[in-house]
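# Secondary and tertiary structure notes
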Amino acid sequence: MHEVRDACHDSRNALLSQALSESRDLRTPPAIEEHLQNCEACRLYAAGLAAAPSLFPGVSQYSPSLKVRCLNAVAAADSTHDIRLGLLMAPPAALSLLAMFLAQVYFLHLMLSKVFASSPLLWVVSFAAAGTAGAAVGGLCLALLLRRHAQDNRLREVSHG
Amino acid sequence: MTRLEQTESAGLDPGVQEQEVLAELRAGERQNLGFLIDRYGADLMSYLMAITCKRDLSEDVFQDTWVRVMERIRAFDPTRSFSPWLFRIARNLAYDRLRLLRWKSRLGIGTADPEGLTIDAAASGDFRDGIMARDLTSTLIAGLDPALREVIWLRFFSEMDYGQIAEHCRLPLGTVKSRLARALDQLGRRYQNLGGIDHA
(Lines give C-alpha, C1' and ligand atoms only; values in the text may rest on other atoms or scores of the structure.)
Protein backbone atom coordinates (compact mmCIF):
# COMPACT_ATOMS: atom_id res chain seq x y z
CA MET A 1 0.00 0.00 0.00
CA HIS A 2 1.53 3.25 -1.02
CA GLU A 3 0.70 6.72 0.22
CA VAL A 4 -1.78 8.93 -1.49
CA ARG A 5 0.08 11.50 -3.42
CA ASP A 6 -1.08 15.09 -3.69
CA ALA A 7 -1.81 14.61 -7.38
CA CYS A 8 -4.06 11.63 -6.59
CA HIS A 9 -5.79 13.57 -3.84
CA ASP A 10 -6.40 16.53 -6.15
CA SER A 11 -7.61 14.41 -9.03
CA ARG A 12 -10.00 12.46 -6.82
CA ASN A 13 -11.43 15.66 -5.43
CA ALA A 14 -11.89 16.98 -8.95
CA LEU A 15 -13.53 13.72 -10.10
CA LEU A 16 -15.84 13.74 -7.11
CA SER A 17 -16.81 17.36 -7.69
CA GLN A 18 -17.51 16.54 -11.31
CA ALA A 19 -19.70 13.56 -10.33
CA LEU A 20 -21.57 15.70 -7.82
CA SER A 21 -22.04 18.56 -10.24
CA GLU A 22 -25.59 19.05 -11.44
CA SER A 23 -24.39 20.54 -14.71
CA ARG A 24 -23.52 17.07 -16.02
CA ASP A 25 -20.42 18.41 -17.71
CA LEU A 26 -18.59 15.23 -18.78
CA ARG A 27 -15.35 16.90 -19.85
CA THR A 28 -12.46 15.99 -17.56
CA PRO A 29 -9.81 18.73 -17.14
CA PRO A 30 -6.60 17.94 -19.13
CA ALA A 31 -4.44 17.84 -15.99
CA ILE A 32 -6.71 15.17 -14.48
CA GLU A 33 -6.78 13.22 -17.76
CA GLU A 34 -3.02 13.18 -17.77
CA HIS A 35 -2.91 11.98 -14.18
CA LEU A 36 -5.45 9.24 -14.90
CA GLN A 37 -3.31 7.94 -17.76
CA ASN A 38 -0.41 7.43 -15.37
CA CYS A 39 -2.25 6.27 -12.22
CA GLU A 40 -4.17 3.01 -12.36
CA ALA A 41 -5.65 3.42 -8.86
CA CYS A 42 -7.23 6.75 -9.75
CA ARG A 43 -8.38 5.33 -13.09
CA LEU A 44 -10.26 2.59 -11.19
CA TYR A 45 -11.58 5.15 -8.73
CA ALA A 46 -12.95 7.19 -11.65
CA ALA A 47 -14.52 4.03 -13.12
CA GLY A 48 -16.22 3.40 -9.77
CA LEU A 49 -17.72 6.89 -9.79
CA ALA A 50 -18.84 6.41 -13.38
CA ALA A 51 -20.55 3.11 -12.43
CA ALA A 52 -22.94 4.85 -9.99
CA PRO A 53 -25.80 5.42 -12.47
CA SER A 54 -25.80 1.76 -13.53
CA LEU A 55 -25.71 0.22 -10.06
CA PHE A 56 -29.39 -0.52 -9.88
CA PRO A 57 -30.93 -3.00 -12.29
CA GLY A 58 -32.93 -1.43 -15.08
CA VAL A 59 -35.03 -4.58 -15.29
CA SER A 60 -38.24 -4.17 -13.34
CA GLN A 61 -38.52 -6.16 -10.12
CA TYR A 62 -42.25 -5.58 -10.11
CA SER A 63 -44.52 -8.41 -11.23
CA PRO A 64 -48.29 -8.92 -11.60
CA SER A 65 -48.18 -11.54 -8.83
CA LEU A 66 -46.91 -8.86 -6.47
CA LYS A 67 -49.87 -6.71 -7.41
CA VAL A 68 -52.28 -9.57 -6.62
CA ARG A 69 -50.49 -10.08 -3.32
CA CYS A 70 -50.93 -6.39 -2.45
CA LEU A 71 -54.61 -6.36 -3.40
CA ASN A 72 -55.20 -9.43 -1.21
CA ALA A 73 -53.31 -7.82 1.67
CA VAL A 74 -55.39 -4.65 1.37
CA ALA A 75 -58.61 -6.72 1.34
CA ALA A 76 -57.43 -8.71 4.36
CA ALA A 77 -56.51 -5.50 6.20
CA ASP A 78 -60.02 -4.20 5.42
CA SER A 79 -61.66 -7.24 6.98
CA THR A 80 -59.37 -6.97 10.02
CA HIS A 81 -60.46 -3.34 10.30
CA ASP A 82 -64.11 -4.45 10.11
CA ILE A 83 -63.54 -7.01 12.88
CA ARG A 84 -61.88 -4.34 15.07
CA LEU A 85 -64.81 -2.00 14.44
CA GLY A 86 -67.23 -4.82 15.23
CA LEU A 87 -65.50 -5.53 18.52
CA LEU A 88 -65.67 -1.86 19.40
CA MET A 89 -69.39 -1.74 18.65
CA ALA A 90 -70.22 -4.98 20.47
CA PRO A 91 -70.68 -3.63 24.07
CA PRO A 92 -73.10 -0.78 23.19
CA ALA A 93 -74.99 -3.10 20.83
CA ALA A 94 -75.36 -5.73 23.59
CA LEU A 95 -76.55 -3.05 26.04
CA SER A 96 -79.18 -1.71 23.65
CA LEU A 97 -80.39 -5.28 22.88
CA LEU A 98 -80.73 -5.94 26.61
CA ALA A 99 -82.67 -2.68 27.11
CA MET A 100 -85.01 -3.57 24.22
CA PHE A 101 -85.55 -7.05 25.63
CA LEU A 102 -86.35 -5.75 29.12
CA ALA A 103 -88.74 -3.15 27.65
CA GLN A 104 -90.48 -5.92 25.68
CA VAL A 105 -90.85 -8.04 28.82
CA TYR A 106 -92.21 -5.07 30.80
CA PHE A 107 -94.80 -4.03 28.17
CA LEU A 108 -95.87 -7.64 27.57
CA HIS A 109 -96.37 -8.08 31.31
CA LEU A 110 -98.36 -4.81 31.37
CA MET A 111 -100.68 -6.06 28.57
CA LEU A 112 -101.14 -9.52 30.12
CA SER A 113 -101.85 -8.06 33.58
CA LYS A 114 -104.81 -6.14 32.09
CA VAL A 115 -106.35 -9.45 30.89
CA PHE A 116 -105.25 -11.83 33.65
CA ALA A 117 -104.92 -11.35 37.35
CA SER A 118 -101.47 -10.07 38.23
CA SER A 119 -99.19 -12.87 39.45
CA PRO A 120 -95.44 -13.72 39.36
CA LEU A 121 -96.27 -16.33 36.70
CA LEU A 122 -97.12 -13.49 34.28
CA TRP A 123 -93.51 -12.24 34.54
CA VAL A 124 -92.26 -15.74 33.63
CA VAL A 125 -94.64 -15.96 30.66
CA SER A 126 -93.68 -12.45 29.47
CA PHE A 127 -90.00 -13.29 29.81
CA ALA A 128 -90.41 -16.58 27.91
CA ALA A 129 -92.48 -14.99 25.11
CA ALA A 130 -90.09 -12.07 24.62
CA GLY A 131 -87.12 -14.45 24.79
CA THR A 132 -88.59 -16.77 22.15
CA ALA A 133 -89.37 -13.86 19.79
CA GLY A 134 -85.87 -12.43 20.33
CA ALA A 135 -84.24 -15.82 19.70
CA ALA A 136 -86.25 -16.25 16.47
CA VAL A 137 -85.24 -12.80 15.12
CA GLY A 138 -81.64 -13.25 16.28
CA GLY A 139 -81.43 -16.69 14.67
CA LEU A 140 -82.74 -15.31 11.39
CA CYS A 141 -80.16 -12.51 11.41
CA LEU A 142 -77.36 -14.99 12.22
CA ALA A 143 -78.45 -17.26 9.37
CA LEU A 144 -78.39 -14.31 6.95
CA LEU A 145 -74.91 -13.27 8.17
CA LEU A 146 -73.56 -16.81 7.81
CA ARG A 147 -74.98 -17.02 4.29
CA ARG A 148 -73.30 -13.70 3.41
CA HIS A 149 -70.01 -14.89 4.90
CA ALA A 150 -70.15 -18.09 2.84
CA GLN A 151 -70.80 -16.04 -0.32
CA ASP A 152 -67.83 -13.76 0.46
CA ASN A 153 -65.59 -16.79 0.97
CA ARG A 154 -66.66 -18.24 -2.37
CA LEU A 155 -65.95 -14.91 -4.09
CA ARG A 156 -62.52 -14.71 -2.43
CA GLU A 157 -61.67 -18.22 -3.55
CA VAL A 158 -62.66 -17.35 -7.12
CA SER A 159 -60.57 -14.15 -7.12
CA HIS A 160 -57.55 -15.98 -5.67
CA GLY A 161 -57.95 -18.98 -7.91
CA MET B 1 -67.18 -1.45 -17.59
CA THR B 2 -65.69 0.52 -14.68
CA ARG B 3 -65.13 4.26 -14.88
CA LEU B 4 -61.40 3.63 -15.16
CA GLU B 5 -61.85 1.31 -18.10
CA GLN B 6 -64.08 3.90 -19.72
CA THR B 7 -61.47 6.62 -19.31
CA GLU B 8 -58.75 4.27 -20.55
CA SER B 9 -60.76 3.45 -23.63
CA ALA B 10 -61.36 7.18 -24.12
CA GLY B 11 -57.55 7.57 -24.15
CA LEU B 12 -57.29 9.98 -21.21
CA ASP B 13 -54.04 11.11 -19.63
CA PRO B 14 -52.77 8.67 -16.90
CA GLY B 15 -52.40 11.67 -14.59
CA VAL B 16 -56.11 12.41 -14.98
CA GLN B 17 -56.91 8.74 -14.40
CA GLU B 18 -54.75 8.83 -11.28
CA GLN B 19 -56.70 11.79 -9.91
CA GLU B 20 -59.95 9.94 -10.56
CA VAL B 21 -58.71 6.76 -8.90
CA LEU B 22 -57.47 8.72 -5.89
CA ALA B 23 -60.85 10.40 -5.57
CA GLU B 24 -62.50 6.96 -5.73
CA LEU B 25 -60.16 5.57 -3.10
CA ARG B 26 -60.87 8.51 -0.82
CA ALA B 27 -64.57 7.79 -1.29
CA GLY B 28 -64.01 4.18 -0.22
CA GLU B 29 -64.17 2.56 -3.68
CA ARG B 30 -61.16 0.32 -4.00
CA GLN B 31 -61.74 -1.58 -7.22
CA ASN B 32 -59.17 0.49 -9.19
CA LEU B 33 -56.34 0.34 -6.67
CA GLY B 34 -54.55 -2.00 -9.10
CA PHE B 35 -54.13 0.90 -11.52
CA LEU B 36 -52.02 2.80 -8.98
CA ILE B 37 -50.04 -0.29 -8.05
CA ASP B 38 -49.25 -0.88 -11.73
CA ARG B 39 -48.38 2.77 -12.30
CA TYR B 40 -45.86 3.03 -9.47
CA GLY B 41 -44.94 -0.64 -9.02
CA ALA B 42 -41.69 -0.73 -11.01
CA ASP B 43 -40.25 2.49 -9.58
CA LEU B 44 -41.34 1.69 -6.05
CA MET B 45 -39.79 -1.78 -6.14
CA SER B 46 -36.58 -0.39 -7.60
CA TYR B 47 -36.46 2.22 -4.82
CA LEU B 48 -37.08 -0.37 -2.11
CA MET B 49 -34.46 -2.66 -3.63
CA ALA B 50 -32.01 0.24 -3.47
CA ILE B 51 -32.67 0.71 0.24
CA THR B 52 -32.97 -2.90 1.37
CA CYS B 53 -31.00 -4.79 -1.31
CA LYS B 54 -33.27 -7.77 -0.63
CA ARG B 55 -36.01 -8.85 -2.96
CA ASP B 56 -38.17 -10.63 -0.37
CA LEU B 57 -37.80 -7.77 2.10
CA SER B 58 -38.60 -5.23 -0.62
CA GLU B 59 -41.72 -7.17 -1.58
CA ASP B 60 -42.88 -7.25 2.05
CA VAL B 61 -42.35 -3.52 2.41
CA PHE B 62 -44.02 -2.93 -0.97
CA GLN B 63 -47.10 -4.80 0.25
CA ASP B 64 -47.12 -2.97 3.60
CA THR B 65 -46.82 0.32 1.75
CA TRP B 66 -50.07 -0.22 -0.15
CA VAL B 67 -51.88 -1.39 2.97
CA ARG B 68 -50.68 1.77 4.74
CA VAL B 69 -51.69 3.89 1.74
CA MET B 70 -55.23 2.54 1.98
CA GLU B 71 -55.31 3.11 5.74
CA ARG B 72 -54.19 6.72 5.35
CA ILE B 73 -55.75 7.68 2.03
CA ARG B 74 -58.20 10.07 3.68
CA ALA B 75 -55.26 11.96 5.17
CA PHE B 76 -53.75 12.48 1.69
CA ASP B 77 -54.06 16.03 0.38
CA PRO B 78 -55.48 15.68 -3.17
CA THR B 79 -54.04 19.06 -4.22
CA ARG B 80 -50.55 17.58 -3.85
CA SER B 81 -48.73 15.01 -5.95
CA PHE B 82 -49.31 11.39 -4.98
CA SER B 83 -45.87 9.92 -5.69
CA PRO B 84 -43.85 11.82 -3.02
CA TRP B 85 -46.43 10.79 -0.43
CA LEU B 86 -46.31 7.17 -1.58
CA PHE B 87 -42.50 7.03 -1.64
CA ARG B 88 -42.30 8.67 1.78
CA ILE B 89 -44.54 5.97 3.26
CA ALA B 90 -42.43 3.29 1.59
CA ARG B 91 -39.21 4.91 2.83
CA ASN B 92 -40.44 5.07 6.43
CA LEU B 93 -41.59 1.46 6.36
CA ALA B 94 -38.34 0.28 4.77
CA TYR B 95 -36.19 1.99 7.40
CA ASP B 96 -38.48 0.74 10.19
CA ARG B 97 -38.03 -2.81 8.86
CA LEU B 98 -34.25 -2.44 8.57
CA ARG B 99 -34.09 -1.05 12.09
CA LEU B 100 -36.09 -4.02 13.35
CA LEU B 101 -33.79 -6.44 11.53
CA ARG B 102 -30.75 -4.71 12.98
CA TRP B 103 -32.16 -5.10 16.49
CA LYS B 104 -33.02 -8.73 15.83
CA SER B 105 -29.52 -9.28 14.54
CA ARG B 106 -28.03 -7.68 17.67
CA LEU B 107 -30.21 -9.86 19.87
CA GLY B 108 -29.15 -12.90 17.88
CA ILE B 109 -32.53 -13.68 16.35
CA GLY B 110 -33.49 -13.62 12.70
CA THR B 111 -31.27 -12.81 9.74
CA ALA B 112 -27.55 -12.26 10.10
CA ASP B 113 -27.57 -9.93 7.11
CA PRO B 114 -29.67 -6.93 8.10
CA GLU B 115 -27.87 -4.42 5.90
CA GLY B 116 -28.25 -6.50 2.78
CA LEU B 117 -24.70 -7.53 2.09
CA THR B 118 -25.91 -9.49 -0.89
CA ILE B 119 -28.07 -7.98 -3.56
CA ASP B 120 -30.66 -9.79 -5.61
CA ALA B 121 -30.28 -8.27 -9.05
CA ALA B 122 -32.69 -9.13 -11.83
CA ALA B 123 -31.38 -11.49 -14.46
CA SER B 124 -30.50 -9.82 -17.73
CA GLY B 125 -30.81 -11.25 -21.23
CA ASP B 126 -27.32 -12.66 -21.48
CA PHE B 127 -26.91 -15.05 -18.58
CA ARG B 128 -23.13 -14.83 -18.24
CA ASP B 129 -23.08 -11.04 -18.53
CA GLY B 130 -25.95 -10.95 -16.08
CA ILE B 131 -24.06 -12.99 -13.51
CA MET B 132 -20.91 -10.91 -13.93
CA ALA B 133 -22.84 -7.64 -13.72
CA ARG B 134 -24.72 -8.92 -10.69
CA ASP B 135 -21.51 -9.93 -8.93
CA LEU B 136 -19.92 -6.58 -9.68
CA THR B 137 -22.99 -4.68 -8.56
CA SER B 138 -23.37 -6.68 -5.37
CA THR B 139 -19.68 -6.29 -4.56
CA LEU B 140 -19.85 -2.55 -5.14
CA ILE B 141 -23.03 -2.07 -3.16
CA ALA B 142 -22.27 -4.60 -0.42
CA GLY B 143 -21.68 -2.92 2.87
CA LEU B 144 -22.81 0.51 1.70
CA ASP B 145 -25.14 2.06 4.22
CA PRO B 146 -28.82 1.94 3.10
CA ALA B 147 -28.99 5.74 3.33
CA LEU B 148 -26.04 6.00 0.92
CA ARG B 149 -27.61 3.52 -1.50
CA GLU B 150 -30.83 5.48 -1.32
CA VAL B 151 -29.21 8.78 -2.14
CA ILE B 152 -27.40 7.23 -5.14
CA TRP B 153 -30.72 5.86 -6.38
CA LEU B 154 -32.48 9.18 -5.96
CA ARG B 155 -29.71 11.11 -7.74
CA PHE B 156 -28.78 8.78 -10.57
CA PHE B 157 -31.71 6.43 -11.10
CA SER B 158 -34.60 8.74 -10.28
CA GLU B 159 -32.58 11.74 -11.56
CA MET B 160 -33.73 14.07 -8.78
CA ASP B 161 -31.83 17.27 -8.17
CA TYR B 162 -30.40 18.04 -4.75
CA GLY B 163 -33.38 20.16 -3.73
CA GLN B 164 -35.79 17.35 -4.53
CA ILE B 165 -33.67 14.80 -2.67
CA ALA B 166 -33.51 17.10 0.37
CA GLU B 167 -37.28 17.51 0.30
CA HIS B 168 -37.84 13.79 -0.18
CA CYS B 169 -35.51 12.73 2.65
CA ARG B 170 -36.34 15.80 4.78
CA LEU B 171 -32.66 16.58 5.13
CA PRO B 172 -30.71 19.82 4.80
CA LEU B 173 -29.21 20.39 1.34
CA GLY B 174 -25.69 20.24 2.73
CA THR B 175 -26.32 16.85 4.30
CA VAL B 176 -27.60 15.50 0.99
CA LYS B 177 -24.48 16.70 -0.82
CA SER B 178 -22.10 15.33 1.79
CA ARG B 179 -23.99 12.03 1.88
CA LEU B 180 -23.78 11.66 -1.89
CA ALA B 181 -20.10 12.61 -1.84
CA ARG B 182 -19.48 9.95 0.80
CA ALA B 183 -21.43 7.38 -1.20
CA LEU B 184 -19.52 8.10 -4.41
CA ASP B 185 -16.17 8.16 -2.64
CA GLN B 186 -16.89 4.74 -1.12
CA LEU B 187 -17.94 3.44 -4.53
CA GLY B 188 -14.74 4.69 -6.11
CA ARG B 189 -12.62 3.08 -3.42
CA ARG B 190 -14.48 -0.21 -3.69
CA TYR B 191 -14.02 -0.29 -7.45
CA GLN B 192 -10.36 0.42 -7.01
CA ASN B 193 -10.03 -2.37 -4.44
CA LEU B 194 -11.74 -4.74 -6.87
CA GLY B 195 -8.88 -4.01 -9.23
CA GLY B 196 -6.53 -5.24 -6.50
CA ILE B 197 -5.02 -1.83 -5.85
CA ASP B 198 -4.90 -0.43 -2.35
CA HIS B 199 -4.56 3.28 -2.37
CA ALA B 200 -5.90 5.46 0.45
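Fair warning: this is a prediction, and the values are worked out from it, not measured in the lab. (Residues numbered from 1 in each chain as written. Chains lettered and ligands numbered in written order. Predicted model: local features only at pLDDT ≥ 70, side-chain atom pairs only at ≥ 80, totals over all residues. Heavy atoms only, no water.)

If you look at the biggest cluster of nonpolar residues, it comprises 77 residues, and the most contacted ones within it are Leu36(B), Phe62(B), Trp66(B), Phe82(B), Ile152(B) and Leu184(B). With 12 residues, the single largest contributor to this core is helix α3 (residues 33-52) of chain B. In this view, Leu184(B) contacts Leu16(A), Ala19(A), Leu20(A), Leu49(A), Ala52(A) and Phe156(B); residues no more than four positions away in its chain are not counted. (Core = buried A, V, L, I, M, F, W, Y, C linked by side-chain atoms within 4.5 Å. Buried < 20%, exposed > 50% of the residue type's maximum accessible area, 1.4 Å probe, protein only. Helix = DSSP H or I, 4+ residues; strand = E, 2+ residues; numbered from the N terminus. Contact = heavy atoms within 4.5 Å.)

Before going further, it helps to examine the packing of aromatic side chains. Residue and element names in this part refer to chain B. Counting across every chain of the model gives 12 aromatic pairs over all chains. When the centroid spacing of 6.3 Å and the interplanar angle of 65° are considered together, the rings of Phe62 and Trp66 count as edge-to-face. Residue Phe62 and its partner Trp66 are located together in helix α4 (residues 55-72), separated by 4 residues, close to a single helical turn. Classification of Phe62 as buried rests on a relative accessible area of 0%. With a relative accessible area of 0%, Trp66 lands in the buried category. On the basis of an interplanar angle of 35° and a centroid distance of 6.5 Å, the ring pair of Trp66 and Phe82 is categorised as tilted. (Phe/Tyr/Trp six-rings, centres within 6.5 Å; stacked < 30°, edge-to-face > 60°.)

All names here are of chain B. On average, residues of chain B carry a pLDDT of 79, and 75% of them reach 70 or more. Averaged over each element, pLDDT in chain B is lowest for helix α1 (residues 3-9) (45) and highest for α4 (92). Across residues 1-9 the pLDDT falls below 50, and counting only partners more than four positions away or on other chains, this stretch makes 14 contacts in the model. Per-residue pLDDT stays below 50 along residues 116-128; that stretch engages in 29 contacts with residues further than four places along the chain or on separate chains. Here the predicted complex scores 0.66 on pTM and 0.74 on ipTM. (pLDDT = per-residue confidence, 0-100.)

On to the interface of chain B and chain A, then. Contact residues are listed per partner, giving 48 residues for chain B and 40 residues for chain A. Both faces considered, chain B and chain A share a buried interface measuring about 4,100 Å² in area, 68% of it formed by carbon and sulfur atoms. Along the contact surface separating chain B from chain A lie 3 salt bridges. With its nearest N and O atoms 3.4 Å apart, the salt bridge here joins Arg69(A) to Glu59(B). If you list the elements that add at least two residues to the side of chain B that touches chain A, you get α3, α4, α6 (127-141), α7 (146-157) and α9 (173-194) of chain B. Looking at the side of chain B that touches chain A element by element, the count peaks at 10 residues for α9(B). By residue class, the composition of the side of chain B that touches chain A is 27 nonpolar, 8 polar and 13 charged. (Buried area = accessible area lost by both parts, 1.4 Å probe. Salt bridge = Lys/Arg side-chain N within 4 Å of Asp/Glu carboxyl O. Nonpolar A, V, L, I, M, F, W, Y, C, P; charged D, E, K, R; others polar.)

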